[in-house]
Amino acid sequence: MEDQDLVRREAAHEEDVSTQAWLIGAAGWFCPGAGHMLQGKWARALILGGAVWVCYLAGLWMGGHLFTVGGSAEGGLSALLQVPPTIADLGSGVLYIFCWILGVGFADDPAHAARATYEYGTNFLLIAGLLNYLVMLDAFDVSVGRKP
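Here's what I pulled together on the structure shown here. In this text the structure is predicted, and so the values were computed from the model without any measurement.

Focus: the overall build of the chain
On a plain count of helices and strands, the chain comes out with seven helices and zero strands. From first element to last, N terminus to C terminus, the chain shows the α and β order α-α-α-α-α-α-α. Taking all 148 residues of the chain together, the buried fraction comes to 34%. Nonlocal contacts in the chain, meaning residues at least 24 apart in sequence, comprise 74% of its contacts between residues at least 6 apart. Total accessible area computed for the chain in this model is approximately 9,300 Å², and 68% of it derives from carbon and sulfur atoms.

Structural notes on the nonpolar core
If you look at the biggest cluster of nonpolar residues, it comprises eleven residues: Val52, Cys55, Tyr56, Leu66, Leu95, Tyr96, Cys99, Phe106, Leu125, Ala128 and Val135. Of all the secondary structure elements, the ones that give two or more residues to this core are α3 (42–61), α5 (94–102) and α7 (118–144). Residues within four places of Leu66 in sequence aside, it is in contact with Tyr56, Leu60, Asp89, Tyr96, Cys99, Val104, Gly105, Phe106 and Leu125.

Brief notes about the packing of aromatic side chains
Counted under the stated rule, the structure contains three aromatic pairs. Between Trp29 and Phe30 the ring centres are 6.1 Å apart and the planes differ by 55°, which places this aromatic pair in the tilted class. Residue classification places Phe30 among the partly exposed residues on the basis of a relative accessible area of 42%.

Notes on the pattern of salt bridges
For the structure on display, the rule yields three salt bridges. Arg44 is paired through a salt bridge with Asp138; the nearest N and O atoms lie 3.6 Å apart. Of the two residues, Arg44 is situated in helix α3 and Asp138 in helix α7; the sequence distance between them amounts to 94 residues. Judged by its relative accessible area of 9%, Asp138 falls in the buried class. The shortest N-O distance in the salt bridge between Asp138 and Lys147 comes to 2.4 Å.

A short note on a nonpolar patch on the surface
A surface patch of nonpolar side chains, about 470 Å² in accessible area, is lined by Val69, Leu77, Leu80, Val83 and Ile87. Along the polypeptide, Val83 turns up in helix α4 (residues 83–90).

Thoughts on the packing of α3 against α7
Close contact between α3 and α7 brings their axes to 7 Å; oriented N to C, the two are set at 160°. In terms of orientation, α3 lies roughly antiparallel with respect to α7. With respect to the hand of their crossing, α3 and α7 are arranged in left-handed fashion. Note on element contacts: α7 touches α3 through Gly121, Phe124, Leu125, Ile127, Ala128, Leu131, Asn132, Val135, Asp138 and Val142, opposite Arg44, Leu48, Ala51, Val52, Cys55, Tyr56, Ala58, Gly59 and Leu60. Partitioned by chemical class, the residues of the contact of α3 with α7 number 14 nonpolar, three polar and two charged.

Brief notes about α3
Residues spaced three or four apart along an α-helix point in a common direction, a consequence of the helix completing one turn every 3.6 residues. The end-to-end C-alpha distance of α3, which contains 20 residues, comes to 27 Å, matching closely the 28 Å that a straight helix rising 1.5 Å per residue would cover. Where α3 bends most, the angle comes to about 25°, and this point is Gly50. Within α3, burial applies to Ala45, Gly49, Val52, Cys55, Tyr56 and Gly59. At its buried positions, α3 is contacted by α2 (34–38), α5 and α7. Immediately downstream of α3, the backbone of Gly63 shows phi near 85°, a positive value.

Procedures and definitions
- Residues numbered from 1 in each chain as written.
- Predicted model: local features only at pLDDT ≥ 70, side-chain atom pairs only at ≥ 80, totals over all residues.
- Heavy atoms only, no water.
- Helix = DSSP H or I, 4+ residues; strand = E, 2+ residues; numbered from the N terminus.
- Buried < 20%, exposed > 50% of the residue type's maximum accessible area, 1.4 Å probe, protein only.
- Contact = heavy atoms within 4.5 Å.
- Areas by Shrake-Rupley, 256 points an atom, 1.4 Å probe, with all protein chains shown as cover.
- Core = buried A, V, L, I, M, F, W, Y, C linked by side-chain atoms within 4.5 Å.
- Phe/Tyr/Trp six-rings, centres within 6.5 Å; stacked < 30°, edge-to-face > 60°.
- Salt bridge = Lys/Arg side-chain N within 4 Å of Asp/Glu carboxyl O.
- Patch = residues over 30% accessible without salt bridge, like charges linked within 9 Å, V, L, I, M, F, W, Y side chains within 5 Å.
- Axes fitted to C-alpha atoms, helices over the stretch in contact; angles between N-to-C directions.
- Parallel < 35°, antiparallel > 145°, perpendicular 65-115°, else oblique.
- Left-handed = near helix turned anticlockwise from the far one by under 90°.
- Nonpolar A, V, L, I, M, F, W, Y, C, P; charged D, E, K, R; others polar.
- Expected span 1.5 Å × (residues − 1).
- Bend = angle between axes of the 7 residues up to and from the residue.

Keep in mind that these numbers describe shape and distance, not what the molecule does.
The following block contains the structure:
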């Protein structure tokens, strides 16, 4: 009887930890560095989250292009080529959403693309999103107890 109670308590505890870990991971995706901040890991939040913010803002400053999947019929299968970079850009969470709402970084303006740093900026934006996925997973692992 005592063993069954112990197993039930451990299962309930694992479920609570799992739910908390998923919420921390989601917070880490939504706002880069927030997952670590919620756990009191201020140095990690500043370094890892700060790296994402710096990459993203530097990418916008260099005139980088944010990707989105266009639903135009004339795009055909070439629209599928927009999916991977869109997923990478979505990794930036609220930064991407904020730019999408304001329409910043999405314009296909030829003068914008003529800047010498245009491609560097686009790559910085992609790297920021992909890096935030890694930061989010790190916050999840810390929450679960896989990392200190």
